[in-house]
Amino acid sequence: MSEHRRLVAWVRGRVQGVGFRWYTRAKALEIGGLSGFALNLEDGRVQVVAEGPEEGCQGLLEWLVGDDTPGRVDGVTEIWDTPRGGYDGFAIR
């Protein structure tokens, strides 16, 4: 059984107004076992918090930095931590 982790990622680029949060949630649900949220920030970035199996979080991160995201991703800053819990599914905020 894999270790559960917390991924916090800040995505820069043209990621607001292009369905980025919706697609991020869809990808998290497709991967399965992840909970958390995607949130538009005032500075134009999207913050993604995902908790679950480490390979699931890693898969979501690989999608975030890949070429299949909507809009244009110029960069992703991530922090890994221990899960805090308290999320009911994967939400768009």
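Residues numbered from 1 in each chain as written. Predicted model: local features only at pLDDT ≥ 70, side-chain atom pairs only at ≥ 80, totals over all residues. Heavy atoms only, no water.

(A) Highlighting helix α2 (residues 54-65). If you check α2, its first and last C-alpha atoms are 17 Å apart, about what 12 residues at 1.5 Å a residue would give, namely 16 Å. Those residues of α2 that are buried are in contact with β1 (4-14), α1 (20-31), β3 (46-53), β4 (72-81) and β5 (90-92). (Helix = DSSP H or I, 4+ residues; strand = E, 2+ residues; numbered from the N terminus. Expected span 1.5 Å × (residues − 1). Contact = heavy atoms within 4.5 Å.)

(B) Focus on the pattern of salt bridges. Enumeration over the complete set of coordinates arrives at 6 salt bridges. Its salt-bridge partner being Arg45, residue Asp43 comes within 2.8 Å of it at the nearest N-O pair. Taking relative accessible area as the criterion, Asp43 reaches 51% and is therefore assigned exposed. Here Arg45 falls in the partly exposed class, since its relative accessible area comes to 27%. Arg84 is paired through a salt bridge with Asp81; the nearest N and O atoms lie 3.5 Å apart. The exposure class of Asp81 is partly exposed, given its relative accessible area of 31%. (Salt bridge = Lys/Arg side-chain N within 4 Å of Asp/Glu carboxyl O. Buried < 20%, exposed > 50% of the residue type's maximum accessible area, 1.4 Å probe, protein only.)

(C) Looking closely at the UniProt feature "active site" (unreviewed entry) in the protein. According to UniProt, the feature "active site" (unreviewed entry) maps to Arg21 and Asn40 in the numbering used here. The annotated residues occupy 20 residues of the chain but converge on a single region, no pair of C-alpha atoms lying more than 7.8 Å apart. Its location among the elements puts Arg21 in helix α1. When its relative accessible area of 24% is taken as the criterion, Arg21 is described as partly exposed. If near-sequence neighbours (up to four positions away) are discounted, Arg21 is found in contact with Ala38, Leu39, Asn40, Val46, Ile92 and Arg93. Structurally, Asn40 is set in strand β2 (residues 35-40). Within polar-contact distance, the side chain of Asn40 engages the side chain of Arg21 at 3.4 Å. (UniProt positions renumbered as here; feature names shortened; annotations may be inferred. Polar contact = N/O pair within 3.5 Å; in protein donor to acceptor, adjacent residues only side chain to side chain.)

(D) Quick peek at the packing of aromatic side chains. Inspection of the entire model under this criterion finds 3 aromatic pairs. Relative to Trp63, the ring of Phe20 has its centre 6.1 Å away and its plane inclined at 35 degrees; by these criteria the two rings are tilted. One end of the pair, Phe20, is in helix α1; the other, Trp63, is in helix α2, and 43 residues separate them in sequence. In terms of burial, Phe20 and Trp63 fall into one category: buried. A ring pair is formed by Trp22 and Tyr23, whose centres lie 5.0 Å apart and whose planes are at 85 degrees; its orientation type is edge-to-face. What makes Tyr23 partly exposed here is its relative accessible area of 42%. Taking the ring centre of Phe37 as reference, the NZ or CZ of Arg93 above it sits at 4.0 Å. (Phe/Tyr/Trp six-rings, centres within 6.5 Å; stacked < 30°, edge-to-face > 60°. Lys NZ or Arg CZ within 6 Å of the ring centre and 35° of its normal.)

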